[in-house]
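# A look at the structure
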Amino acid sequence: MRAIGIILAGGASNRMTELTTKRATSALPIAGGYRSIDFALSSMANSHINKVAVFTQYNSKSLSQHLNSSKWWDFGRKQGGLYVFTPTQTQENNYWYRGTADAIGQNIDFLKTSHEPYVVIASGDCVYKLDYNDVLRYHIDKNADITIVTKELGDEEDPSRFGVVSIDDNGLVTEFEEKPIVTSKNIVSTGIYIIRRRQLIEMIERAGSEGGFDLVKDIFIRYRGLKKMYAYPMKAYWSNITTISSYFKTNMDFLNRDIRDYFFNQYPVVNSKIEDLPPAKYNVGSSVTNSLVSSGCIINGEVRNSILFKEVYVGNNCTIKNSLILNDVYIGDNTYIENCIVESHDTIRENSSYIGDPESVRVVLEKNARYVL
């Protein structure tokens with residue numbers, strides 16, 4: 001593909017509360033065996049984008065560990081590769097990334113030393129599959145300066161937490177507003193953009209010289225009336241996970257057979273870093289219904305309509321309903337959990353009970369020592 005890739009994975013989300021205290025949103029576990037960033041990385045690899053940069057900043061440790069080898073997404077090549085950029089103190093600059101445009105601006109040499117004519121920019125906190133070649137062909141056919149991948153939301157979703165757009169019959173963007181307080185529009189930006197590399201360099205450098213650090217507010221929205229901006233509609237599944245409710249819903253969507261088949265079985269596949277873990281073990285007396293259970297789990301109790309991530313232990317006489325149990329959680333005997341998200345590396349004491357509301361799930365974070373002398 002005649003493009004390089006940029007994945008913006010450095011932002012912090014205050015709406016994720018405890019779940020992003022120790023990790024970036026792009027490193028959040030998804031559907032048992034994935035991380036959020038895997039979906040953007042896999043889409044770029046499957047679109048034959050050979051050179052991809054990931055910009056990290058906030059709580060980047062676990063994300064960097066996840067990206068420590070590019071082979072999982074087939075970026076280990078003689079040409080191209082996977083590049084991870086974190087803020088770096090230099091003689092000319094002492095700032096952390098002050099925004100998405102500033103993150104690219106501080107690493108502008110990555111763009112200047114590349115030779116591909118186009119750039120695909122994506123966010124690391126969305127769940128989807130997309131062939132960027134289709135978007136690039138649309139971009140070229142429309143003779144667009146900027147192409148935004150958009151999604152029409154359903155009535156139950158809140159468009160005000162996204163950038164909302166209006167388009168004409170030809171797909172031209174006529175209005176673009178970032179995270180309005182109130183809006184009647186339901187077509188939103190997915191955070192995926194295509195733009196010419198040289199044009200992006202020019203826009204980034206000009207915005208930086210004028211104190212503009214946000215890619216959307218200070219560049220794309222500013223140039224809306226000056227550049228030809230088109231919208232490419234995404235028809236397949238797409239979800240953003242920057243709130244507790246959206247994160248929970250996105251994971252629970254994988255209990256739907258059609259969505260599970262779309263991501264797990266249909267080509268192209270979604271790749272992730274693989275760990276050498278034994279298969280899940282279901283002991284005598286356990287019961288599992290409509291659930292995803294990952295490798296390394298040991299089940300002694302009842303699990304219904306839930307997702308258990310890697311290395312979860314469920315004790316005797318436990319009941320887990322409509323919940324997400326993240327990686328490496330120990331659940332003691334006689335525990336009841338419903339409508340909850342249990343944080344990774346947690347220890348739930350025996351005879352405990354945690355019940356959330358179906359409309360407002362509860363995040364469980366126990367600060368118990370796993371091993372007591």
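Preceding this section is the structure that the text describes.
Before going into details, it helps to say that this report is about the structure given with it. Numbers given to residues run from 1 along each chain, matching the order in which its sequence is written. The predicted nature of this model means local features are confined to residues of pLDDT at least 70 and side-chain atom pairs, given and counted, to a pLDDT of 80 or more, with totals for whole chains, interfaces and linings taken over all residues. Hydrogens are left out, water is left out, and the side-chain values use all remaining heavy atoms of the structure.

## Comments concerning the layout of surface pockets
Keep this limit in mind: Buriedness of a pocket was judged along seven lines, with at least five required to meet protein on both sides within 12 Å; pockets are open sets of points on a 1 Å grid over the protein atoms alone, cavities are sets where a 1.4 Å probe fits but cannot get out, and lining residues have an atom within 4 Å of a point. Grid points are joined across faces, edges and corners, and a volume is the space filled by probe spheres set on the points. Runs of H or I in DSSP of at least four residues are treated as helices and runs of E of at least two as strands, each being numbered from the N terminus. Ten residue types, Ala, Val, Leu, Ile, Met, Phe, Trp, Tyr, Cys and Pro, are classed as nonpolar, four, Asp, Glu, Lys and Arg, as charged, and the remainder, Gly among them, as polar.
Taken as a whole, the largest pocket encloses approximately 1000 Å³ of empty space. Tallying contributions element by element places strand β11 (residues 187–196) first for the lining of the largest pocket, with 4 residues. Here the lining of the largest pocket is built from residues that sort into 14 nonpolar, 18 polar and 8 charged. Roughly 810 Å³ of internal volume is contained in the second largest pocket. In terms of lining, the second largest pocket is formed by 29 residues, of which the most central are R23, R35, S62, S344 and H345. When residues of the lining of the second largest pocket are traced back to their parent elements, those giving at least two are β3 (34–35) and α2 (61–66). Broken down by element, the lining of the second largest pocket gets its largest block of residues, 4 residues, from α2. When its residues are assigned to classes, the lining of the second largest pocket shows 3 nonpolar, 12 polar and 14 charged.

## Structural notes on the pattern of salt bridges
Side chains carrying opposite charge are able to pair once their charged atoms draw close together. The following threshold applies: Salt bridges are defined as contacts in which a side-chain nitrogen from Lys or Arg sits within 4 Å of a carboxyl oxygen from Asp or Glu. Partly exposed residues are those whose accessible area sits between 20% and 50% of the maximum for their type, while under 20% is buried and over 50% is exposed, using a 1.4 Å probe and protein chains only.
Going through the model one piece at a time under the given rule, you end up with 10 salt bridges. Residues E343 and R23 are paired through a salt bridge, measuring 3.0 Å at the closest nitrogen-oxygen approach. Here E343 is found in the loop between β25 (340–342) and β26 (347–348), whereas its partner R23 is found in the loop between β1 (3–8) and β2 (29–30), with 320 residues between them in sequence. The exposure classification of E343 matches that of R23, with both residues buried. Residues K310 and E275 are paired through a salt bridge, measuring 3.4 Å at the closest nitrogen-oxygen approach.

## A closer look at the nonpolar core
Worth spelling out the cut-off: For the purposes of this section, nonpolar cores are sets of buried Ala, Val, Leu, Ile, Met, Phe, Trp, Tyr and Cys residues that join through side-chain atoms within 4.5 Å. Residue contacts follow a heavy-atom distance rule, with two residues in contact if any of their heavy atoms lie within 4.5 Å.
Grouped together as the largest cluster of nonpolar side chains are 39 residues, with contacts concentrated most on L41, M44, Y128, L130 and Y132. Secondary structure elements with two or more residues in this core: β1, α1 (37–46), β4 (51–55), β6 (118–123), β7 (126–128), α5 (132–141), β11 and β12 (229–233). Element by element, the count of residues in this core is highest for α1, at 5 residues. Other than its neighbours up to four places away in sequence, Y128 contacts F39, A40, S43, A122, I192, M234, Y237, W238 and F263. With 34 residues, the next largest nonpolar core counts F55, I108, F176 and I219 among its residues.

## Quick word on unusual backbone geometry
Residue P268 is reached from Y267 by a cis peptide bond, and omega for that bond is 0°. Take P268: it is sitting in the loop between α9 (257–264) and β14 (281–282). Positive phi values are uncommon outside glycine, yet A31 reaches one of about 55°. When you line up the elements, A31 lands in the loop between β2 and β3. Residue classification places A31 among the buried positions, given a relative accessible area of 7%. Of note in the backbone geometry, H345 takes a positive phi value of approximately 60° without being a glycine. Within the secondary structure layout, H345 lies in the loop between β25 and β26.

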